[in-house]
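An overview of the molecular structure
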Amino acid sequence: MSGPSRSRSPLSSGVRSQLWWAPKLLPVLAAATMAALTAIAEPAPTLVRLGAMLVSAVGLAAAAHLVNDWADIGSDAAADKPNMVAAISPLQRMTLIAATYSWGIAPWLLVRPGSAAIALLGLLVVLPMIYSVRPLRLKGRGLLGVIADALNAHVAPTAFAFVLVVEQGTATAGWKLAFAGALVWSFGFGVRGILNHQSVDRSNDRLANVQTFVVRRGRRATLRLGWLALYIEIAGLVAMAVAVGMTAPWAAAVLVAYLGLWLLDRRWESRPFHPVPDRSDAWMPLAEFYEVWPLVVFTIALCAHDTGWWPLPIAVLVGFRRPVAKQTSDLAALLSHVFKDLRTTGAWAGWRLSSAAIRFSYSAAVVTRTRASPRRSRCSTGSGPNCENRGQ
């Protein structure tokens, strides 16, 4: 039963691409395309830089996971948790890490970014070591570990994407607002992401005595911090929507409409809404939305602005066809649910309005008859005013 998993190579197992290929790379690519849209970047040189960024991100993400797994060998053994690099020698681990870091750095020997981008690239190399490796090992230092992981997984890559792309465009007012909003959004989302991971892994961390924020502070404090991170994230989203609306109003409208559909669907859905789920199979609000639709919408907006961007949508569909297909299916289901609910709600509202109209008509008729009855009775006795003519 376990044979196939054991036969996997250390490289394919240790880099754990399923954890970052779509969840981490797609939001960063979306940030890069938003930066290109708001900075009015030139298509040809920017596409080259996006390609280099994608290749580099694969190497750096793989290296970060290898470093983390090597640093976690002892704690994983204490928690009886599988570790992908424990079975190979230290020399092999060092070789794999050196190879993946080289992969992450090599593209920038050909595509020369500016000094700000190089500084952020250096930060992306150093942050995994600060987070995972002793003596610092911020992973086991409560809130510091949460902040460090959010910076490494989301904030620094987002900043790198913006800085890299603007070198081929202009730092317009829209780009500046988008950059500020993206930093705020990526920090909030990054905090929720690591809290989710720590919540899922809390029993193993307790066994291994890894003092993560969730282990130290418990579920209630985790949820409070998760809600705060979600509010920060939404503030960043609003800023980004305004920034995109300054360049491509229809693109911002499409994303806002999607979120509106999602909120409308939530009214009839029983699924619990937790900013930080505590199960690996649980749904984390907005996470899947970030993976596909911002990138798709910004890519279309770029092509509408300049046809020189045409290779980008092809690359997205080919390289990320599975998440795109899944989100397309989810969007179809969302539209179906919303339209069905609207039809049901419309029929219910129509029935209530019809019932109210019937009741109103009946009440009006009763009031009219009630007012007319005393007059008819007085006229029948001839005592009421103006009854003489009626009697004649």
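Just above, that's the structure.
All figures in this text were calculated on a predicted structure; none of them were measured in a lab.

**Let's talk about the overall build of the protein**
- The number of helices and strands found in the protein is 17 helices and 0 strands.
- Scored against the burial criterion, the 392 residues of the protein give a buried share of 45%.
- Across the protein, the fraction of contacts at a sequence separation of at least 24, relative to all contacts at a separation of at least 6, is 78%.
- Surface summary for the protein: the accessible area is close to 20,400 Å², and the carbon and sulfur share equals 66%.

**Focus: unusual backbone geometry**
- The omega torsion across Arg134 and Pro135 is 15°, close enough to zero to call that bond cis.
- Tracing the backbone through its elements, the reader meets Pro135 in the loop between helix H8 (115-132) and helix H9 (143-166).
- The backbone of Ile40 shows a phi angle near 50°, a positive value even though the residue is not glycine.
- Inspection of the secondary structure puts Ile40 in the loop between helix H3 (25-39) and helix H4 (43-71).
- The residue Asn209 is not glycine, and still its phi comes out positive at about 60°.
- By the secondary structure assignment, Asn209 is in the loop between helix H11 (202-208) and helix H12 (213-247).
- Taking the relative accessible area as the measure of exposure, Asn209 reaches 55% and is therefore exposed.

**So, the packing of aromatic side chains**
- The final tally for this structure, using the stated rule, is 11 aromatic pairs.
- Residues Trp108 and Phe160 carry aromatic rings whose centres are separated by 5.4 Å and whose planes lie at 75° to one another, so their mutual orientation is edge-to-face. One end of the pair, Trp108, is in helix H7 (residues 107-110); the other, Phe160, is in helix H9, and 52 residues separate them in sequence. Across the pair, exposure class does not vary: Trp108 and Phe160 are buried alike.
- Considering the side-chain rings of Trp175 and Phe179, the 5.1 Å spacing of their centres and the 40° angle between planes classify their relative orientation as tilted. With Trp175 and Phe179 both in helix H10 (residues 173-200), this residue pair falls 4 residues apart, about one helical turn. Exposure class is identical for Trp175 and Phe179. Each is buried.

**Thoughts on H9**
- Relative to the 34 Å expected for 24 residues at 1.5 Å per residue, H9 spans 32 Å between its end C-alpha atoms, a close match to the ideal helical length.
- A bend of about 45° at Leu151 is the largest found in H9.

**Some words on the packing of H8 against H9**
- The interhelical angle for the contact between H8 and H9, taken along N-to-C directions, is 160°, at an axis separation of 9 Å. When the interaxial angle is binned, H8 and H9 end up roughly antiparallel. Regarding H8 and H9, the two cross each other, and that crossing is left-handed. Packed against H8, whose contacting residues are Ala116, Ala117, Leu120, Leu121, Leu123, Leu124, Leu127, Pro128 and Tyr131, the element H9 presents Gly145, Ala148, Asp149, Leu151, Asn152, Ala156, Pro157, Ala159, Phe160 and Val163 at the interface.
- A per-class count over the contact of H8 with H9 returns 16 nonpolar, 2 polar and 1 charged.

**Notes on helix H14 (residues 287-305)**
- Taking 1.5 Å of rise per residue, the 19 residues of H14 would be expected to cover 27 Å, and the 28 Å separating its terminal C-alpha atoms lies within 8% of that figure.
- At Trp293, H14 is bent by approximately 25°, the largest bend along its length, and proline Pro294 sits one to four residues beyond.

**Considering the packing of H4 against helix H6 (residues 90-105)**
- Their axes nearest at 6 Å, the elements H4 and H6 cross at an angle of 155°. As judged from the angle between their axes, H4 and H6 are roughly antiparallel. Considering only the axes of H4 and H6, their crossing is left-handed. When H4 is examined against H6, the residues Val55, Ser56, Val58, Gly59, Leu60, Ala62, Ala63, Leu66, Val67 and Trp70 are found in contact with a partner set consisting of Pro90, Arg93, Met94, Leu96, Ile97, Thr100, Tyr101, Trp103 and Gly104.
- Within the contact of H4 with H6, the residues separate by chemical class into 14 nonpolar, 4 polar and 1 charged.

**Comments concerning a nonpolar patch on the surface**
- A cluster of nonpolar side chains, namely Leu177, Trp227, Tyr231, Ile234, Val238, Val242 and Met246, defines an oily patch on the protein surface of about 640 Å² accessible area.
- Of the residues forming the nonpolar patch, the biggest block, 6 residues, is contributed by H12.
- Here Tyr231 lies in helix H12.
- Its relative accessible area of 52% is what places Tyr231 among the exposed residues.

**Observations regarding the pattern of salt bridges**
- Applying the stated criterion across every chain, the model contains 7 salt bridges.
- The partner of Glu167 in a salt bridge is Arg49, and the shortest N-O contact between them spans 2.4 Å. Of this pair, Glu167 sits in the loop between H9 and H10 while Arg49 sits in helix H4, and the two are 118 residues apart along the sequence.
- The exposure class of Glu167 is partly exposed, given its relative accessible area of 31%.
- Its relative accessible area of 9% is what places Arg49 among the buried residues.

The rules we used
- Residues numbered from 1 in each chain as written.
- Predicted model: local features only at pLDDT ≥ 70, side-chain atom pairs only at ≥ 80, totals over all residues.
- Heavy atoms only, no water.
- Helix = DSSP H or I, 4+ residues; strand = E, 2+ residues; numbered from the N terminus.
- Buried < 20%, exposed > 50% of the residue type's maximum accessible area, 1.4 Å probe, protein only.
- Contact = heavy atoms within 4.5 Å.
- Areas by Shrake-Rupley, 256 points an atom, 1.4 Å probe, with all protein chains shown as cover.
- Phe/Tyr/Trp six-rings, centres within 6.5 Å; stacked < 30°, edge-to-face > 60°.
- Expected span 1.5 Å × (residues − 1).
- Bend = angle between axes of the 7 residues up to and from the residue.
- Axes fitted to C-alpha atoms, helices over the stretch in contact; angles between N-to-C directions.
- Parallel < 35°, antiparallel > 145°, perpendicular 65-115°, else oblique.
- Left-handed = near helix turned anticlockwise from the far one by under 90°.
- Nonpolar A, V, L, I, M, F, W, Y, C, P; charged D, E, K, R; others polar.
- Patch = residues over 30% accessible without salt bridge, like charges linked within 9 Å, V, L, I, M, F, W, Y side chains within 5 Å.
- Salt bridge = Lys/Arg side-chain N within 4 Å of Asp/Glu carboxyl O.

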